[in-house]
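In case you want the letters, here they are:
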Amino acid sequence: MRPLKALINIDNARKNLSFVRSLAPSSKIMATMKANAYGHGLNYMASAFSEADGFSVLTINEAVELRESGYEKKILLLEGVFDKEDLKIAAAFNFDVVLHNDYQLSLIRQLSSKKKISVHLKVNTGMNRLGFSLNNLPKVHSFLKEDERISEIVLMSHFANADSAKGIESQLSEVKMLRSNYHEPFSVANSAAILNNQDTHLEWIRPGIMLYGANPFDLDDLPGGLLPVMTLRSEIIATQEIKKGDGVGYGSDFRAPNDMRIGIVACGYADGYPRHAPSGTPIFVDGIETQTVGRVSMDMIAVDISSLLNTNIGSSVELWGENLGVDRVARSANTVGYELLCAISSPSRVPVEIYYG
Ligand SMILES: *Cc1c(COP(=O)(O)O)cnc(C)c1O
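Computed from a prediction, not measured in an experiment: that's the story for all the values here.

A few words on the nonpolar core. Counting 101 residues, the largest nonpolar core has Met-33, Met-45, Phe-49, Leu-121, Leu-319 and Trp-320 as the members making the most contacts within it. The dominant element in this core, judged by the number of residues it contributes, is helix H1 (residues 10–23), at 5 residues. Counting only domains with at least three residues in this core, you end up with domain 1 (10–212) and domain 2 (230–355). When residues no more than four places from it in sequence are discounted, the contact partners of Leu-121 are Leu-99, Phe-132, Leu-137, Val-140, His-141, Leu-144, Ile-153, Val-154, Leu-155 and Met-156.

Structure follows, in structure tokens:
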């Protein structure tokens with residue numbers, strides 16, 4: 001079997017959730033599970049995060065999968081329903097729905113079901129992506145209040161700059177103003193806000209990336225208290241001795257500055273490794289950190305093993321994980337850990353294995 005695997009540390013995932021709980025002890029936790037639980041496997045993570053107060057997902061299929069596997073707590077559709085059919089299913093399966101525009105409101109108003117539905121009413125406080133404007137909010141809120149099928153209204157907003165120096169001050173001041181006018185539960189905090197600002201720990205919080213042990217900030221090192229969950233592991237499948245001046249890989253972009261020994265790793269961009277990772281991206285081979293050389297191909301990467309004298313076919317390689325943070329690889333490739341984790345290819349190419357401890 002091709003040696004590439006994504007190993008998922010269930011204990012670390014549980015510890016990350018407990019850490020979130022300790023940071024915001026009075027908030028309920030809506031664990032963010034979109035994109036196949038950030039590439040970690042929806043069902044594995046559903047069991048790892050069973051202590052959360054609810055799960056949020058993007059698509060109706062993910063939501064149905066969770067419910068049908070026996071999950072009984074809240075399941076939130078993060079962008080709400082896309083059409084009438086979605087809404088019928090959401091009502092039948094008792095999903096919470098985000099409500100962010102007039103079209104969704106008209107669907108809810110036409111719903112014939114007698115079933116109650118819980119709504120996360122999204123307010124645009126400056127992200128300018130989804131949500132009702134502050135001007136339109138009172139009208140929508142009072143429609144919902146009068147509709148007896150609406151069992152609960154949570155006011156929800158999302159920060160544009162919780163991870164950067166621009167910060168959340170202006171959006172948070174809108175939220176504080178809303179709290180004095182609307183006596184409903186609120187949900188505003190993503191991972192960066194949870195870590196940076198206790199004032200965002202309202203009735204609900206919505207951690208995502210931190211639960212998976214990766215960084216919401218553009219930094220190499222994980223904030224203390226978080227542990228990596230996914231280790232992407234493979235092996236060396238070939239070695240080459242090359243001479244000073246020889247090229248490696250497509251385009252021969254990399255030229256050996258000296259005679260070198262290189263190893264070929266079974267992992268490429270079709271597996272989710274970023275094609276834009278340049279030569280010099282850190283990679284962990286045989287327990288030692290070295291660097292990639294040349295362009296990433298679809299199925300393979302070359303690495304410098306000149307000083308790893310015992311490294312050979314079958315030697316172990318960690319693309320990222322417990323010994324090499326996914327954020328370091330992401331930053332080298334000019335992207336974020338989120339993208340690398342979500343891009344992990346399906347299990348027919350990258351089998352997922354869980355482990356404990
Ligand atoms: C993805 C998402 C989150 C989680 O964000 P992280 O940065 O991963 O913590 C929270 N809220 C909404 C609306 C999201 O789409």
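What follows is about the packing of aromatic side chains. Per the stated rule, a full pass over the model turns up 6 aromatic pairs. Centre to centre, the rings of Phe-93 and Phe-95 are 5.6 Å apart; their planes meet at 15 degrees, and the pair counts as stacked. On the basis of relative accessible area, Phe-93 is assigned to the partly exposed category, the value being 25%. The buried category is assigned to Phe-95, whose relative accessible area is 1%. Three or more aromatic residues joined by ring pairs form one cluster here, namely Tyr-38, Phe-49, Tyr-212 and Tyr-338. Between Arg-109 and the ring centre of Phe-143, over which it is positioned, the NZ or CZ distance is 4.0 Å.

What follows covers unusual backbone geometry. If you check the backbone angles, Asn-36 has positive phi at about 55 degrees while not being a glycine. Among the secondary structure elements, Asn-36 is positioned in helix H2 (residues 34–38). Asn-36 gets classed as partly exposed once you look at its relative accessible area, which sits at 41%. A positive phi angle, close to 55 degrees, is found at Asp-286, a residue other than glycine. Inspection of the secondary structure assignment puts Asp-286 in the loop between strand E14 (282–285) and strand E15 (288–293). For Asp-286, a relative accessible area of 35% puts it in the partly exposed group.

Okay, the site of the ligand next. In the vicinity of the ligand there are 14 residues, among which Lys-34, Tyr-38, Ser-191, Ile-209 and Tyr-338 approach most closely. Take Ser-191: an N or O atom from its side chain is 2.5 Å from an oxygen atom of the ligand. Tyr-338 has a polar side-chain atom sitting 2.6 Å from an oxygen atom of the ligand. Summarising the interface, the protein chains cover 91% of the accessible area of the ligand, which totals 390 Å² for the free molecule. For the shell around the ligand, the residue count by class is 6 nonpolar, 5 polar and 3 charged.

Moving on to the side chain of Thr-311. Tracing the backbone shows Thr-311 in the loop between strand E16 (300–304) and strand E17 (316–320). Leave out the neighbours within four places in its chain, and Thr-311 touches Ile-236, Arg-261, Val-285, Asp-286 and Ile-305.

With that settled, consider helix H8 (residues 169–181). The terminal C-alpha atoms of H8 lie 19 Å apart, and with 13 residues this matches the ideal 18 Å at 1.5 Å per residue to within 8%. As for H8, its buried residues are in contact with helix H7 (137–146) and strand E8 (186–189).

Here we take up the side chain of Asn-197. With respect to the secondary-structure elements, Asn-197 resides in the loop between helix H9 (191–196) and strand E9 (204–205). In this structure Asn-197 touches Ile-168, Glu-169 and Leu-172, once residues within four positions along its chain are discounted.

According to the domain assignment, the protein consists of domain 1 (10–212) and domain 2 (230–355). The centre of domain 1, based on its C-alpha atoms, is set 37 Å off from the matching centre of domain 2. With 9 residues of domain 1 at the contact, the number on the domain 2 side is 9 residues. Across the domain 1 to domain 2 interface the summed buried area is about 880 Å²; carbon plus sulfur atoms make up 68%. Considering only the side of domain 1, the residues that lose the most area to domain 2 are His-40, Tyr-44 and Ile-209, jointly responsible for 45% of the buried surface there. In this assembly, domain 1 and domain 2 are joined by 0 salt bridges. The interface formed by domain 1 and domain 2 holds 1 residue pair in polar contact (both at pLDDT 80 or more) in total. Residue assignment for the side of domain 1 that touches domain 2 shows that the elements contributing at least two residues are H1 and H2. The dominant element in the side of domain 1 that touches domain 2, judged by the number of residues it contributes, is H1, at 3 residues. Per-class residue counts for the side of domain 1 that touches domain 2 are 5 nonpolar, 3 polar and 1 charged.

Our next topic: the pattern of salt bridges. Under the counting rule described, the total for this entry stands at 16 salt bridges. One salt bridge connects Asp-199 with Lys-176, and the closest N-O pair in it is separated by 3.5 Å. Of this pair, Asp-199 sits in the loop between H9 and E9 while Lys-176 sits in helix H8, and the two are 23 residues apart along the sequence. For Asp-199, a relative accessible area of 43% puts it in the partly exposed group. As a salt-bridge pair, Arg-328 and Glu-289 come within 2.8 Å of each other at their nearest N and O atoms. Of the two residues, Arg-328 is situated in helix H10 (residues 326–332) and Glu-289 in strand E15; the sequence distance between them amounts to 39 residues. Through salt bridges with shared partners, one network takes in Arg-2, Asp-271, Asp-299 and Arg-349.

The rules behind these values
Residues numbered from 1 in each chain as written. Predicted model: local features only at pLDDT ≥ 70, side-chain atom pairs only at ≥ 80, totals over all residues. Heavy atoms only, no water. Core = buried A, V, L, I, M, F, W, Y, C linked by side-chain atoms within 4.5 Å. Buried < 20%, exposed > 50% of the residue type's maximum accessible area, 1.4 Å probe, protein only. Helix = DSSP H or I, 4+ residues; strand = E, 2+ residues; numbered from the N terminus. Domains from an automatic or database assignment. Contact = heavy atoms within 4.5 Å. Phe/Tyr/Trp six-rings, centres within 6.5 Å; stacked < 30°, edge-to-face > 60°. Lys NZ or Arg CZ within 6 Å of the ring centre and 35° of its normal. Near = heavy atom within 4 Å. Polar contact = N/O pair within 3.5 Å; in protein donor to acceptor, adjacent residues only side chain to side chain. Areas by Shrake-Rupley, 256 points an atom, 1.4 Å probe, with all protein chains shown as cover. Nonpolar A, V, L, I, M, F, W, Y, C, P; charged D, E, K, R; others polar. Expected span 1.5 Å × (residues − 1). Buried area = accessible area lost by both parts, 1.4 Å probe. Salt bridge = Lys/Arg side-chain N within 4 Å of Asp/Glu carboxyl O.

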